[in-house]
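# Survey of secondary and tertiary structure
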Amino acid sequence: MSNNKSKQTSTLEQLYQLFPGLVENIEHTYPKHPNPNLPPPKISIVLDGGGFSGTHIAGALAYIQFLQNQKRLHVQRIAGVSVGAICALLFAINRLDLAFDLYPQTRTHFEKYNDLSIVSKQLQHIQKIIPKDFHKKSKLSISFFDTKKMKHKTINHFTSNQHIIEIIRRSIHIPWVYDKTILYRDRFIDGLYPTTFITHPINKCPTIFLNLFNMPWNNMLHVSNRPSTNDTALEGALLVHRFIRTGKDNHFCHQFKPFSYHGAIFLIRITITHIIIKLLLWIYKENGPWAKYAKKNIIKHKNTILRHFKTII
């Protein structure tokens, strides 16, 4: 992983070179306060899942981190699911450079093996660089599905740094895509949607949603002829900048309010997700002829499906 570090650090540095010119246009929304003793405005961030579209989130977080370093804002808490959970952790430990390091490795592995199992080794590496007592004050909220209890769960209190990595591992398990299994530890799968903090609001702390669900779905597992990491990261940063500059929602970055257009779409998404999960578990657990047929053919043709998906979309 360290072999590419200088290259990927320069990717983050290239973004940072562009940000000073952008922040000149947000003095009316998030000014740099002349009194350093006064706290900057607080925000909560919600990071969506979306496979290889996660580079948009990495770029967006780099911009938000730049604003936080300038004390224009302060990220009070951060939630994530799937790739968003990994990005949330890297943001929290100030190692977004690794996001740009992990991406090409994961992409190369996926092109060759049609799975994401390499991420397990990457998480082991990340665990080694997490500050010792980080878990005590992480401010992370990570979501996953517990199929045994049939509940979408969010964990925001952790017993150790290893516990954080374990919860993220649950959050990123895409059935049949992560590896050849449908469930992680015969119980957990990808959370599919993040928590949005609506049950635990903080006064004067807006929730900013980085929404990959509204991005092209084919990009989530599409690796052939894809825009460069720099391009997608910069696009993510610019979309967040547009939101901060204008205060207007866009398809990628918006303020989450339950009683709004985006809130309604999110509720529909949750409903559809639970239906899909129940169907998936029916295929996995039932032994009837239709379930056996579906299970057999999904496993048999998984590599063929993914190979066509990656090359023809």
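This section reports on the structure supplied with the text. (Residues numbered from 1 in each chain as written. Predicted model: local features only at pLDDT ≥ 70, side-chain atom pairs only at ≥ 80, totals over all residues. Heavy atoms only, no water.)

## Remarks on the nonpolar core
The test is simple: Only buried residues count toward a nonpolar core, which is a set of Ala, Val, Leu, Ile, Met, Phe, Trp, Tyr and Cys residues joined through side-chain atoms within 4.5 Å. The buried label goes to any residue with under 20% of its type's maximum accessible area, the exposed label to any with over 50%, and the partly exposed label to all in between, with areas taken from a 1.4 Å probe on protein chains only. Counting from the N terminus, the helices are DSSP H or I runs at least four residues long and the strands are E runs at least two residues long. Two residues form a contact once any of their heavy atoms are found within 4.5 Å.
Ranked by size, the top nonpolar core spans 72 residues in total, and within it Leu 61, Tyr 63, Leu 89, Ile 126, Leu 210 and Phe 252 carry the most contacts. Of all the elements, helix H2 (residues 54-69) adds the most residues to this core, at nine residues. Not counting residues within four places of it along the chain, the set of residues in contact with Tyr 63 comprises Phe 19, Leu 22, Val 23, Ile 26, Ala 237, Val 240, His 241 and Ile 244. Judged by nonpolar contacts, the second largest core, of 15 residues, contains Val 46, Ile 182, Tyr 193 and Phe 266.

## Side note on the pattern of salt bridges
Keep this limit in mind: The rule for a salt bridge is simple: a side-chain nitrogen of Lys or Arg has to be within 4 Å of a carboxyl oxygen of Asp or Glu.
A complete count under the given rule lists eight salt bridges for this structure. We note a salt bridge from Arg 187 to Asp 146, for which the minimum N-O separation is 2.8 Å. One end of the pair, Arg 187, is in the loop between helix H6 (161-171) and strand S5 (188-190); the other, Asp 146, is in strand S3 (residues 140-146), with 41 residues separating them in the sequence. Here Arg 170 and Glu 166 are joined by a salt bridge, their closest N and O atoms 3.1 Å apart. Residue Arg 170 and its partner Glu 166 are both found in helix H6; the two are separated by four residues, about one turn of the helix. Since its relative accessible area comes to 17%, Arg 170 is described here as buried. Salt bridges linked by common partners bring Glu 166, Arg 170 and Arg 185 together as one network.

## Observations regarding the side chain of His 241
Relative to the elements of secondary structure, His 241 occurs in helix H7 (residues 229-246). Setting aside chain neighbours within four positions, we find His 241 in contact with Leu 22, Asn 25, Ile 26 and Tyr 63.

## Let's talk about the packing of helix H3 (residues 83-92) against helix H5 (residues 118-129)
Quick reminder of the rule: The axes are straight lines fitted to the C-alpha atoms, using for helices just the contacting stretch, and the angles between their N-to-C directions are given from 0 to 180°. Should an angle fall under 35 degrees it is taken as roughly parallel, and over 145 as roughly antiparallel, whereas 65 to 115 is taken as roughly perpendicular and any remaining angle as oblique. Handedness of a crossing follows from how the near helix is turned relative to the far one, being left-handed for an anticlockwise turn of less than a right angle and right-handed for a clockwise one. Under the scheme applied, nonpolar residues are Ala, Val, Leu, Ile, Met, Phe, Trp, Tyr, Cys and Pro; charged residues are Asp, Glu, Lys and Arg; polar residues are all the others, including Gly.
Relative orientation of the contacting elements H3 and H5 amounts to 20 degrees, with a least axis distance of 12 Å. The angle between H3 and H5 places the two elements in the roughly parallel class. Of the two elements, H3 crosses H5, and the hand of that crossing is left-handed. Of the residues in H5, those touching H3 at Ile 86, Leu 89 and Leu 90 are Val 119, Leu 123 and Ile 126. Class assignment for the residues of the contact of H3 with H5 results in six nonpolar, no polar and no charged.

## So, the side chain of Asp 190
Rule in force here: Charged-residue counts in this description rest on Lys and Arg as positive and Asp and Glu as negative, His and the chain ends being excluded. What qualifies as a polar contact is a pair of N or O atoms within 3.5 Å, subject to a donor-acceptor requirement within protein and to the restriction that residues adjacent in sequence count only when both atoms come from side chains.
Its place among the elements puts Asp 190 in strand S5. One buried charged residue, Asp 190, remains without a salt bridge, the closest side chain of opposite sign being Arg 269 at 7.5 Å. Of the polar contacts made by the side chain of Asp 190, one reaches the side chain of Ser 82; its length is 2.7 Å. Not counting residues up to four positions away in its chain, the partners in contact with Asp 190 are Val 81, Ser 82, Phe 144, Phe 145, Arg 170, Ser 171, Ile 172, His 173 and Ile 174.

## Looking at the packing of aromatic side chains
Selection criterion: Pairing of aromatic rings covers Phe, Tyr and the six-membered ring of Trp, with a centre-to-centre limit of 6.5 Å; geometry is then stacked below 30 degrees between planes, edge-to-face above 60, and tilted otherwise. Geometrically, a lysine NZ or arginine CZ counts as sitting over a ring once it is within 6 Å of the ring centre and also within 35 degrees of the ring normal.
Within this structure, the stated rule accounts for twelve aromatic pairs. Aromatic pair Phe 19 and Tyr 63: ring centres 5.1 Å apart, planes at 70 degrees, arrangement edge-to-face. With Phe 19 in helix H1 (residues 5-23) and Tyr 63 in helix H2, the pair connects residues that are 44 residues apart, well separated along the chain. Residues Phe 19 and Tyr 63 agree in their burial class; the two are buried. An aromatic cluster is defined as three or more aromatic residues linked by ring pairs; in this entry it consists of Phe 145, Tyr 193, Phe 209, Phe 256 and Phe 266. It is Arg 170 that lies over the ring of Phe 144; its NZ or CZ is 5.2 Å from the centre. Seen from the ring of Phe 188, Arg 170 lies directly overhead, with NZ or CZ sitting 4.0 Å from the centre.

## Re a nonpolar patch on the surface
The test is simple: Put simply, a patch holds well-exposed residues, over 30% relative accessible area, that have no salt bridge, with like charges counted together within 9 Å and Val, Leu, Ile, Met, Phe, Trp or Tyr side chains within 5 Å. Only the protein chains shown count as cover for residues, and all accessible areas are computed by the Shrake-Rupley method using a 1.4 Å probe.
A grouping of Ile 268, Ile 272 and Ile 276 is seen on the molecular surface, where their side chains present a nonpolar patch of about 280 Å² in accessible area. Relative to the helices and strands, Ile 272 resides in helix H8 (residues 261-285). The partly exposed category is assigned to Ile 272, whose relative accessible area is 45%.

## A closer look at the environment of His 157
You can see His 157 is positioned in the loop between strand S4 (151-155) and H6. A distance of 2.7 Å separates a polar atom in the side chain of His 157 from a polar atom in the side chain of Asn 156.

## Concerning the pairing of strand S6 (residues 207-210)
In plain terms, the rule: By the convention used here, strands pair only if DSSP detects at least 2 bridges between them.
Here S6 shows two buried faces, one formed by Thr 207 and Phe 209 and the other by Ile 208 and Leu 210. Taken together, the three bridges between S6 and strand S7 (residues 253-255) define a ladder with antiparallel strand orientation. What sits directly across from Leu 210, in S7, is Cys 253.

These results come straight from atomic positions and should not be treated as a statement about function.
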